[in-house]
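Coordinate inspection notes
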Amino acid sequence: MVAVFARVHKKEVMQLLLSRLPLLRSFSPLVRCSSGLLALTVLTGVVAAQNLNWLQAPAANAPSARSGHAVANDPTNGRVVLFGGSDAGGTDLGDTWYRVNSQWSEVSAASVWPDARRDHAMAFDGNTGNVILFGGRAGAAGEYGDTWMWDGQFWIQLAPATSPSPRYDHAMVYDEARQQIVLVGGESGGTLLNEVWLWDGSNWTPGPVFSAAGVARHAMSYESARQRVVLFGGDRGLASPSSETWEWDGTTWTNASLGLTAQRRQGHAMAYDEGLGRTVAFGGIGNFGNTLQETLQWDGANWAMVSATKPAPRSGHSLVYATGSAELVLFGCLLYTSDAADERSS
């Protein structure tokens, strides 16, 4: 195995970051990974944590380095779809990419296309077999409250009768058992939102809130084996990020983290690995503003740290399970550490 490390020293950035603790609710681009594409491959039928490993995926023809983008698995077309984000210079992006069998391809922009944006969310919609995008923000344009559908070839702007208000840093996941996309939280005008919205394929309707306090920069997954939506961490407007894990069974939100001690975090990424039968989380911003490098897995009752080869500490990245290649794909990052390492292995 060959490992290549690129180290960046930003002591003045870390000092400024620590001076602005504890909330860390406005993420400005400090250092972005130059080659942020890695894949977590899982041995089929093996669930022991020690058998997991991160592998550097081919970077040829990959999207440019970015953070705050959104991805979704598109099982209808056997692809992972990526849209937008913010580049190393802080410019918001409006490009669309798809990944098939480890190969990335960029989609040529059409006359009807979502505006460039960051901190939006996307999820596959099993009702229509398409990918849904909602919200985000971008420079002078401010916050978005639009709903878009990717049909595998084109973006189509939808006009639902009811819709969530404009927001960013929310999370979305498709609940297969209830056949609806679940959208939770976000931030708007400096206010953390606690709303839950449900998408049935044609319209948004409000759902039961999971907490009186709002949440943003959290992560969600849908566990098909247990038919549960899992929500972990995030900014709850307190002095430190949240360490709570909540689950939705289609009727009730339950705090599943009572008595657990998972490290507090926000800006992390999470996805359900269908082969492993577990939710996997990586990275984020921790309790003291430190960028995290942990790989965690949720078994429905507890979080366990995975002893795996690790990508560099990061936040603002994405994590998605690609059904076509049966692997978790992690892309992009935003680094806040004074010493950042970009790891590659072969």
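Up top is the structure.
An account of the accompanying structure is given in this report. (Residues numbered from 1 in each chain as written. Predicted model: local features only at pLDDT ≥ 70, side-chain atom pairs only at ≥ 80, totals over all residues. Heavy atoms only, no water.)

**Considerations on the side chain of threonine 279**
Considering the arrangement of structural elements, one finds threonine 279 in strand E25 (residues 278-282). Judged by its relative accessible area of 0%, threonine 279 falls in the buried class. Setting aside residues no more than four positions away along its own chain, threonine 279 makes contact with Ser221, Glu223, Met270, Ala271, Tyr272, Leu296, Gln297, Trp298 and Trp303. (Helix = DSSP H or I, 4+ residues; strand = E, 2+ residues; numbered from the N terminus. Buried < 20%, exposed > 50% of the residue type's maximum accessible area, 1.4 Å probe, protein only. Contact = heavy atoms within 4.5 Å.)

**Details of the sheet that holds strand E9 (residues 130-134)**
Sheets are built from strands paired through backbone hydrogen bonds, the pairs being either parallel or antiparallel. With antiparallel pairing, the four strands of this open sheet are ordered in space as E8-E9-E12-E13. Among the strands making up the open sheet, the edge pair consists of strand E8 (121-125) and strand E13 (155-158). With strand direction ignored, the average angle separating the axes of adjacent strands in the sheet is 30°. As paired elements, E8 and E9 share five bridges and run antiparallel to each other. Bridge pairing links alanine 121 to phenylalanine 134 in E9. (Pairing = 2+ DSSP bridges. Axes fitted to C-alpha atoms, helices over the stretch in contact; angles between N-to-C directions.)

**Points about unusual backbone geometry**
Positive phi outside glycine occurs at arginine 217, with the angle close to 60°. Here arginine 217 lies in the loop between strand E19 (204-207) and strand E20 (219-223). Positive phi, close to 55°, is recorded for glutamine 227, a residue that is not glycine. Here glutamine 227 is to be found in the loop between E20 and strand E21 (228-232). Judged by its relative accessible area of 41%, glutamine 227 is partly exposed.

**Looking at the pairing of E13**
Bridging between strand E12 (residues 147-150) and E13 involves four bridges; their strand directions are antiparallel. Bridge pairing in E13 links tryptophan 148 to glutamine 157. Hairpin connection, E12 to E13: the antiparallel pair is bridged by four residues, and glycine 152 has positive phi, about 100°.

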